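# Descriptive structure summary
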Amino acid sequence: MNKNQVQWLGFMFLSLTMVFILLVLGLILYFIIARGIHVISWEFLTQVPRRAMTQGGIAPALVGTFYLTIGAIIFALPIGLACAIYLVEYYPKSIVINIIRLSINNLAGVPSVVFGLFGLAVFVRFLGFGVSILSGSLTLGIMILPGIISATQEALLAVPQSLREASLALGATQWQTIRKTVLPTALPGIMTGVILSVGRAAGETAPIMFTAATFYTRGFPGSIFDQVMALPYHIYALMTEGTFPERQTAIAYGCALILLILVLLISAIAIILRQRQRQYGTV
Amino acid sequence: MEQYDNVRIRAEEVRFFYGDKLALKDINLPIFENKVTAIIGPSGCGKSTFIRLLNRMNELIPNTHFEGKILLDGVNIYDPDVDVVAIRRKVGMVFQKPNPFPKSIFENLSYGLKVNGIRDRHYIEERVIKSLEEAALWNEVKDRFNESALRLSGGQQQRLCIARCLTVEPEVILFDEPCASLDPISTNRIEELIENLKQKYTIVIVTHNMQQAARVSDYTAFMYMGELIEFDRTEKIFTVPRDKRTEEYITGKFG
C-alpha cells in the first residue's frame, strides 16, 4: 500500500465512526419520539397525574425538576466560581493546588448514586432536612460542583496572561484585574460549563432518589422542605412501580421525550454561547 | 556621562532566578531621566526579564526569585512596604504583542483611570483624547470610540496600548519589544512616537533590532547570557564598542 492508500483508509475509518455515532443518536431519538410522541399534549405538560399515573399529566414533575435544578445552581455556582478563581488566579502551580485540582477531578468521577447516598446520610438524616427539595438541591449541587469548577478553571486559564499583565501594568489591583478583565473575558466559557451542568442536574436520577424525589404528589410543592416529583425519577418510578405497567410505559416514554428535549435545549444554548465566544475571539 | 543626566532608576547588583537557574547576573545599570535607554542582546540574554523587573511584572511568574535593588528616585521598589500598585502606575509598560482588552476603544482607554479611582467623566474624556493625540492615534479612532479595540489593525492596536499606558500619566514607560509583531510602516510610526515621548517621559526599550536601538535611543545596554556586557551612549556603543562581544553582536557576527 502506498501512503495515499493508507491515508484513504484512515479517512474512511474516521468517516465510518462518524456515521456510527450519528446512527446511534438517530436511533435513540427515533425510538423515544416514536413511542413517546402520542402521549404528549398540552394537558400532559400542565396537569397533575390522575388515576394511579395512567391519566393526567406530569406538571408536578416538571416543576419539581425545575426547582431542584435551580436550587442546585444557586448552591453550586457561587462556590464553584469562587473555588475556581482561587485555584487559577491566586495560587497557580504549587503542589498543594495540584493536589486540590486532582481531588476535584476525582470528585467528578464519583458515581451519582454515591452522591445520592451521601445526600441521604448528611442532608436528609444528619442535618435533618428530610426528603425535600433542599436536600435534593444540595446533593445535585455537590454533584455538579466539580464540573462547574473545572469548566470555570478552563475558561479562566484560556484568558491570555497578556490581558492580566496589561491591567496590572496600569495600576489595577489583582482583584480589579479579575473582576474587570479576567471574568468578563472568561464569561462565555464559564456560562457554557454552567449550562452543561444544568443539563446534567436536570437529568440525573440517582442523587435525588433518596433525597428529594417521590413517586406521587397531589399538587405542587409549597416549600423547600417538601418532597417533589421529578422528571427522571418519574420515568424510573413509572417503569418499576404501579399497577398498570402497559399504560405507564407509554407515559414513561413521553416523559423521556420531554426530558430529552429539555436537555437538548439546554445544550443548544451552551453551543450558541460558545459560537458567540468564537466570533468575538480572545486576544 | 552621569554628570549631565539625572538618574531616574538605578539597578544595583540585580540577580534573578527562574527556579534554580540564574537568569540575570549582578546587573548594575542607571536609567536616565527623559532619555531613551535601549537594551539589546540576542534572544534569551535576559533583556525582557530585566525590563519586567522595573515594574515588578516578574512577580506574576511562579517559582522565581529576585535579589538586589532597583531604586526609583532613590527608593527600592522591592522594599516590603512599597505599594506595588503605585509603582506600576508610575512605571507604565507596553508589551511585545499588542494586548488591548476585548472591550471598546474608549473602555480600553478609560480602564486605567477607573481602576485608579477616577470617576469624573469630563476628566476621563479629556485624558483619553490627550493620550490618543500623544500616541498619534486620535485621527484614526476619533469616530470609533465604541468599536471593539480588536477591530483595529496590529499597528493601531499597539498605539492604542501606548495611549492606554499614557492615560494614567506614568513617569517611566517600559517598551518590551514593542514592534516585534508589526510591519515596517507601523514600526516607523512607533519609533517616531517614542522619539516624541521622551520630552515628557523616561523610556526604556528592549529590542532585538539594532537599527531600531541606534535610531531611537540615547543610551544602549548590551546584554549577553544574563550579564550586562556594556553600557554607554548609543553612538559610542555603535561606533567604538569597548567589548569584543558587543562589537561582534552589532556587526552581526552572532545573535
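Residues numbered from 1 in each chain as written. Chains lettered and ligands numbered in written order. Predicted model: local features only at pLDDT ≥ 70, side-chain atom pairs only at ≥ 80, totals over all residues. Heavy atoms only, no water.

### Some words on the interface of chain A and chain B
At the interface, 23 residues of chain A touch 27 residues of chain B. Buried area between chain A and chain B, summed over both chains or domains, comes out near 1,900 Å², and the portion from carbon and sulfur atoms is 64%. The salt bridge involving Arg-52 of chain B is made with Glu-165 of chain A; its shortest N-O contact spans 2.8 Å. Listed by contribution, the elements that provide at least two residues to the side of chain A that touches chain B are helix H7 (161-169) and helix H8 (174-203) of chain A. (Contact = heavy atoms within 4.5 Å. Buried area = accessible area lost by both parts, 1.4 Å probe. Salt bridge = Lys/Arg side-chain N within 4 Å of Asp/Glu carboxyl O. Helix = DSSP H or I, 4+ residues; strand = E, 2+ residues; numbered from the N terminus.)

### With respect to the sheet that holds strand E5 (residues 75-76) of chain B
All names here are of chain B. A sheet is described by the order of its strands in space; here four strands give the open sequence E2-E1-E4-E5, paired in antiparallel fashion. Edge strands, defined here as strands with exactly one partner in the open sheet, are strand E2 (21-32) and E5. Both strand E4 (residues 64-72) and E5 contribute to a ladder of two bridges, which runs antiparallel. The residue of E5 that forms the bridge with Leu-71 is Asn-76. (Pairing = 2+ DSSP bridges.)

### Details of the pairing of strand E9 (residues 219-224) of chain B
All names here are of chain B. Of all six residues making up E9, five are buried, and the element is well covered by its neighbours. Bridge analysis of strand E3 (residues 36-40) against E9 gives four bridges, and the strand direction is parallel. Bridged to Thr-37 within E9 is Tyr-219. Relative to strand E10 (residues 227-233), E9 runs antiparallel, the two sharing six bridges. Looking at the pairing, Ala-221 lines up with Phe-231 of E10. (Buried < 20%, exposed > 50% of the residue type's maximum accessible area, 1.4 Å probe, protein only.)

### A word on the confidence of the model for chain B
The predicted coordinates ought not to be read in detail in places where the model reports low pLDDT. With 98% of its residues at a pLDDT of 70 or more, chain B shows a mean pLDDT of 92. Model confidence for the complex: the whole-complex pTM is 0.84, and ipTM, which rates the interface, is 0.91. (pLDDT = per-residue confidence, 0-100.)

### Quick look at the packing of aromatic side chains
All names here are of chain B. Summed over all chains, the structure comprises 15 aromatic pairs over all chains. Note on Phe-32 and Phe-231: the rings are 6.5 Å apart at their centroids and 25 degrees apart in plane angle, and the pair reads as stacked. Taken as a pair, Phe-32 in strand E2 and Phe-231 in strand E10 lie far apart in primary sequence, 199 residues in all. Summarising the burial analysis for this pair, Phe-32 and Phe-231 share the class buried. Feature note: the residues Phe-32, Tyr-219 and Phe-231 constitute an aromatic cluster, connected by ring pairs. A cation sits over an aromatic face here: Arg-56 above Tyr-78, 5.3 Å from the ring centre. Over the ring of Phe-101 we find Arg-164, and its NZ or CZ is 4.5 Å from the ring centre. (Phe/Tyr/Trp six-rings, centres within 6.5 Å; stacked < 30°, edge-to-face > 60°. Lys NZ or Arg CZ within 6 Å of the ring centre and 35° of its normal.)

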